[in-house]
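Coordinates in review
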Amino acid sequence: MSQQNSGEQGGPSQAPPTTNSQDQSDDPSPTVAARDTPVEQVSPVLDEVSPSSSSFDMLDEEPAVYQNVHPHWFFCRRADDNTLWLPFSREDSDKLENAYNTVEDKEEVVVAVDGERYDVHIKERHRYAVYWEQAPTEVRRCTWFYKGDKDTRFMPYPEDFSNSLEDAYMIAVTLDEWKRKLDFPTGETVILHNPKLIMHYQPIGLQDEWVSSPSEHTRPRTVKRGVDNISVEIPDGEPEKVDHLVFMVHGIGPACDLRFRSIIQCVNDFRNASLSLLASHYKHAQQEGKVGRVEFLPVNWHSALHGDATGVDEDIQRITLPSISRLRHFTNDTLLDLFFYNSPTYCQTIVDTVASEINKLHALFKRRHPEFKGEISVVGHSLGSLILFDMLTNQRTGLEAHREGVSSDEHQHLNCDSLEKTLTRLGLQQYLPTLQAEKLDLESLALCRESDLKDLGIPLGPQKKILKYFRRRCFPEDCKAETVRLPPGLQVSPQDSLTRDHDDNQSSGPETQQSQFHRAQSVTGAVDYEYFDVGIGQVSVDYPQLAFHPQTFFAFGSPIGMFLTVRGLKCIDPNYTFPTCKSFYNIYHPYDPVAYRIEPMIVSDVDLEPMLIPHHKGRKRMHLELKDSLTRMGMDLKNNVLGSLRTAWQSLSRLPVAALPPVEEGETTLERNIQEAQAPSSGVCEEPELEQTEQQPEIKVGMLNGGRRIDYVLQEKPIESFNEYLFAIQSHLCYWESEDTSLLLLKEIYDKLGVAFEQPQQ
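**Structural notes on the overall build of the protein**
Broken down by element type, the protein carries 27 helices and 22 strands. Here the protein, with 762 residues, has 46% of them falling under the buried criterion. Across the protein, contacts joining residues at least 24 apart in sequence account for 73% of those joining residues at least 6 apart. Accessible surface computed for the protein: about 41,000 Å², of which carbon and sulfur atoms make up 53%.

If you want it as structure tokens, here you go:
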């Protein structure tokens, strides 16, 4: 067996070893070299790694007392053809060990680990994800570990092999007999030289003849007993108490960063960053039990859109050109998501998937955490922020839900009417045979467009009557104003405020009248292009409702401002708020090519700089401080030079005009100038500063974030400031690993819980 194959399996195949306690001074090399390979190719390596007899004599100590090894549980992670064994936290490992000691042979016990995001089946030895789809990973109860010559970390042996080693170790310690040799049927040998030196020799792989040196197969592995004797970082356990729940929605494509990781992996990094910041910036609050943790759960909608259910990938592939195949595949898998969202068919799929996934995760979380009483927030990155913005814009409060219930009763009344009665009421009963010949009932007639009625041979006048009738019955609020209906607070340019029906020349209400927030849909929910809300450009779909009211909406690298502008939105009413969400933060990197601001659409007459997000270490980055200092020095120098030039020019311009003043008057003027220059700063000079400080809080940026600032910008790193174009793409994907972004979320969450923020001492 080669070293590589054995390393991937975590040890040799399980077979009872043969224990050989031969003469203590025998060199173990003959046993390993007893193969088809000459001894001289193996002996030098064994002589190099095996200590001499005098070395053993120096290691003679008092007989060791056998103590049971403390097991630690690991789980396997396979990525990029690499197999990694990672430890559970000590708390989770103790829970698994306790369950292992109490479980019966025929009974399966499930233990929740990693913040109850995974379930471990003890008997099956597998770990299953709870909130997302993921292949089960192997779990191992580990006591013995090995590290090869080329390995960077210790790997655990299989449990059966570890038990064999433990039995041999117990006999060696009890009888104080060392240099015991364990021969396995696979040809591998483990030699227990002493309690601190145990080596694992592998056989020479005859099948790997192309290896440069045969000695590479004979280099022994270092064997360690117990997790305390190896260099491994055991993660800290997570607090059981969950203070806040956050759902995170990804943007275009299946990958969320430059390493092409999924939304699950990126959210895991964001969660780990938040746990680290809680331990450093809320240390005393955690010690006092005031702070638990914030749970972040990923929301994946890309797989549903590109799955077999829609078949969109197959349709796109049929029309894709064969050239530059990799680039076209990347475009089809990522950039086309933007066009899919603007399609009524696939937009409905996207919003339904996002809402159903969030509601499903919310119900599952509540079921696993029945004691949770905290608030819930949502985070959207890139296109995900636009999806959440449109969904939150179309959420309904209790009053609006009641109104929709009344509207649904009218739809039921519409279905109760017959086609004959409706046409008789409109005076169009002569067209009844034509419609009956096409098997049209009242519901199907409501779905017909003007072009459909024209194809049936119905004249223009009756067409308009039929369409207007169904508009008034299905969309009564639309017909009251006869204008484009917009959500409250969203305003469009006058040229967009056109009526949809050219026959209706009179309006029953002013053009700025605000109508019902949620747009009612057609009877069967079919897409109707004629009645789009062209003012805000939202696709005419049925936006689903969330099962909760979000506390805060965080947008990362969001194109919301650009999409609203392209949709025809000129400004946002300062009094506008989401129906069910009262806080909104637009967070972006200064070099993010996809991010746009929101505040200029609310406050257009004031040039507001975005709020600078503080560094998580409590200071501004050094290069930004240096830049600000140089800017201030330049402004001061410029003002001083201009002031000196202005004074000199005024002095030169007065000389030819004014006569030479008497000495007494000159002294008086000079004394007056000195007195004015030495006047205390608390006088007239301070008034403009006071006025400026008083005017600063008067700037309002609307109620979208409760009157607080909306746009928050990250500080770029020093290396990013050298070439902003080079780091543009990376800037759009940096939020998942940004500690500054994570700390801003924690501040917003715990400020509302009344928990004070602590800046750690540097």
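**Focus: the packing of helix H11 (residues 325-341) against helix H13 (residues 383-393)**
Two numbers describe how H11 lies on H13: the axes approach to 11 Å, and their chain directions differ by 15°. The orientation of H11 relative to H13 falls into the category roughly parallel. Regarding H11 and H13, the two cross each other, and that crossing is left-handed. Counted together, Asp337, Leu338 and Tyr341 of H11 and Leu383, Leu386, Ile387 and Asp390 of H13 form the full contact between these two elements.

**Here we look at the side chain of arginine 567**
When you line up the elements, arginine 567 lands in the loop between helix H21 (560-566) and strand E19 (569-572). Of note is the side chain of arginine 567, whose polar atom sits 3.0 Å from the side chain of aspartate 390.

**Some remarks on the sheet that holds strand E4 (residues 110-113)**
Reading across from one edge, E3-E2-E7-E6-E5-E4 is the order of the six strands in this open sheet, with antiparallel pairing throughout. Lying at the two open borders of the sheet, with one neighbouring strand each, are strand E3 (82-87) and E4. Looking at each pair of strands side by side, their axes are set apart by 30° on average, direction ignored. As judged from the six bridges shared by strand E2 (residues 72-79) and E3, these two strands associate in the antiparallel manner. Across the sheet, the residue bridging to alanine 79 is asparagine 82, located in E3.

**Regarding helix H5 (residues 90-102)**
Between the first and last C-alpha of H5 there are 18 Å, a value that for 13 residues agrees with the 18 Å anticipated at 1.5 Å per step. Along H5, the residues classified as buried are Asp92, Ser93, Leu96, Glu97 and Ala99. The arc enclosing the buried residues of H5, seen along the axis, measures out at 165°, which places them on a common side. For H5, exposure combined with an orientation more than 90 degrees from the buried face picks out Asn98, Asn101 and Thr102. Residues of H5 that are buried sit in contact with E2, E4, strand E5 (118-121) and strand E7 (137-142).

**Focus: the packing of aromatic side chains**
Enumeration over the complete set of coordinates arrives at 26 aromatic pairs. The interplanar angle of 85° and the centroid separation of 5.8 Å between the aromatic rings of tyrosine 118 and tryptophan 132 together place this pair among those described as edge-to-face. Taken as a pair, tyrosine 118 in strand E5 and tryptophan 132 in the loop between strand E6 (126-129) and E7 lie far apart in primary sequence, 14 residues in all. The two residues tyrosine 118 and tryptophan 132 agree in class, both being buried.

**Focus: the sheet that holds strand E16 (residues 375-381)**
Strands pair in a sheet through their backbones, by hydrogen bonds, and they do so in one of two ways: parallel or antiparallel. Across the sheet, which stays open at both edges, the seven strands sit in the order E15-E14-E16-E18-E20-E22-E21 with parallel pairing between neighbours. Edge positions in the sheet fall to strand E15 (293-299) and strand E21 (611-612), since each of these pairs with one other strand and no more. Where strand E14 (residues 242-249) meets E15, seven bridges bridge the pair, whose relative direction is parallel. Pairing of phenylalanine 247 across the sheet is with leucine 297, part of E15. Those strands touched by helix H7 (residues 263-281) are E14, E15 and strand E18 (552-556), and its axis lies near 170° from that of E15.

**Focus: the nonpolar core**
Among the nonpolar cores identified, the biggest contains 108 residues, and Phe247, Val354 and Phe553 are the most heavily contacted of them. At ten residues, helix H12 (residues 344-368) tops the list of elements feeding residues into this core. Filtering out sequence-adjacent residues up to four positions away, valine 354 remains in contact with Val249, Val299, Trp301, Ile387, Leu388 and Met391. With 26 residues, the next largest nonpolar core counts Cys142, Phe154, Leu182 and Phe184 among its residues.

Conventions used here
Residues numbered from 1 in each chain as written. Predicted model: local features only at pLDDT ≥ 70, side-chain atom pairs only at ≥ 80, totals over all residues. Heavy atoms only, no water. Helix = DSSP H or I, 4+ residues; strand = E, 2+ residues; numbered from the N terminus. Buried < 20%, exposed > 50% of the residue type's maximum accessible area, 1.4 Å probe, protein only. Contact = heavy atoms within 4.5 Å. Areas by Shrake-Rupley, 256 points an atom, 1.4 Å probe, with all protein chains shown as cover. Axes fitted to C-alpha atoms, helices over the stretch in contact; angles between N-to-C directions. Parallel < 35°, antiparallel > 145°, perpendicular 65-115°, else oblique. Left-handed = near helix turned anticlockwise from the far one by under 90°. Polar contact = N/O pair within 3.5 Å; in protein donor to acceptor, adjacent residues only side chain to side chain. Pairing = 2+ DSSP bridges. Expected span 1.5 Å × (residues − 1). Arc of directions from axis to C-beta. Phe/Tyr/Trp six-rings, centres within 6.5 Å; stacked < 30°, edge-to-face > 60°. Core = buried A, V, L, I, M, F, W, Y, C linked by side-chain atoms within 4.5 Å.

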